[in-house]
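Observations on chain architecture
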Amino acid sequence: MKKITADMYKLLCVIMALVFVKLLADILGRDFVPRTFGESILRVWGWCVGITVGFGFYRLIKKTE
């Protein structure tokens, strides 16, 4: 019974992750539609900087843990 519960939990996590990725892709797709090329590049650059800073904070937290 525990194996079935663990497998169902993993399946639920995978389904939720797929739903989240689909939702994020739809939101980002709609965000880029009315923009010019320069605005889109600036937006992508901002996302890259944000992800890098977030990853840096994560690494710092894990290092001091």
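Residues numbered from 1 in each chain as written. Predicted model: local features only at pLDDT ≥ 70, side-chain atom pairs only at ≥ 80, totals over all residues. Heavy atoms only, no water.

Examining the overall build of the protein chain
The helix and strand inventory of the protein chain stands at two helices and zero strands. The C-alpha radius of gyration of the protein chain comes to 18 Å, more than 25% above the 11 Å expected for a compact globule of 65 residues. If you line up the protein chain on its principal axes, its C-alpha atoms span 55 × 35 × 10 Å. By the burial criterion, 2% of the 65 residues in the protein chain qualify as buried. Summed over all atoms, the accessible surface of the protein chain reaches about 6200 Å², with 76% contributed by carbon and sulfur. Charge separation in the protein chain, taken as the distance between the mean sites of 10 positive and 5 negative side-chain charges, equals 7 Å. (Helix = DSSP H or I, 4+ residues; strand = E, 2+ residues; numbered from the N terminus. Rg over C-alpha atoms; globule rule 2.2 N^0.38 Å. Buried < 20%, exposed > 50% of the residue type's maximum accessible area, 1.4 Å probe, protein only. Areas by Shrake-Rupley, 256 points an atom, 1.4 Å probe, with all protein chains shown as cover. Lys, Arg positive; Asp, Glu negative; His and termini not counted. Charge placed at Lys NZ, Arg CZ, Asp CG, Glu CD.)

Overview of the packing of helix H1 (residues 2–32) against helix H2 (residues 37–64)
Put simply, H1 and H2 touch, their axes get as near as 10 Å, and they point 145° apart. Of the residues in H2, those in contact with Leu28, Asp31 and Phe32 of H1 are Ser40, Arg43, Val44 and Trp47. A breakdown of the residues in the contact of H1 with H2 according to their chemical character gives four nonpolar, one polar and two charged. (Axes fitted to C-alpha atoms, helices over the stretch in contact; angles between N-to-C directions. Contact = heavy atoms within 4.5 Å. Nonpolar A, V, L, I, M, F, W, Y, C, P; charged D, E, K, R; others polar.)

Remarks on a nonpolar patch on the surface
A grouping of Leu42, Trp45, Val49, Val53, Phe57, Leu60 and Ile61 is seen on the molecular surface, where their side chains present a nonpolar patch of about 740 Å² in accessible area. Checked against the element boundaries, phenylalanine 57 lands in helix H2. (Patch = residues over 30% accessible without salt bridge, like charges linked within 9 Å, V, L, I, M, F, W, Y side chains within 5 Å. Salt bridge = Lys/Arg side-chain N within 4 Å of Asp/Glu carboxyl O.)

Re the pattern of salt bridges
A complete count under the given rule lists two salt bridges for this structure. For the salt bridge of lysine 3 with aspartate 7, the shortest nitrogen-to-oxygen distance reads 3.3 Å. Of this pair, lysine 3 and aspartate 7 both sit in helix H1, four residues apart, which is roughly one turn of that helix. Overall, lysine 3 belongs to the exposed group, its relative accessible area being 61%. On the basis of relative accessible area, aspartate 7 is assigned to the partly exposed category, the value being 36%. Of the charged contacts in the structure, one is a salt bridge between aspartate 26 and lysine 22, with a shortest N-O distance of 2.7 Å. Placement of both aspartate 26 and lysine 22 in helix H1 is noted, with a separation of four residues, approximately one turn of the helix.

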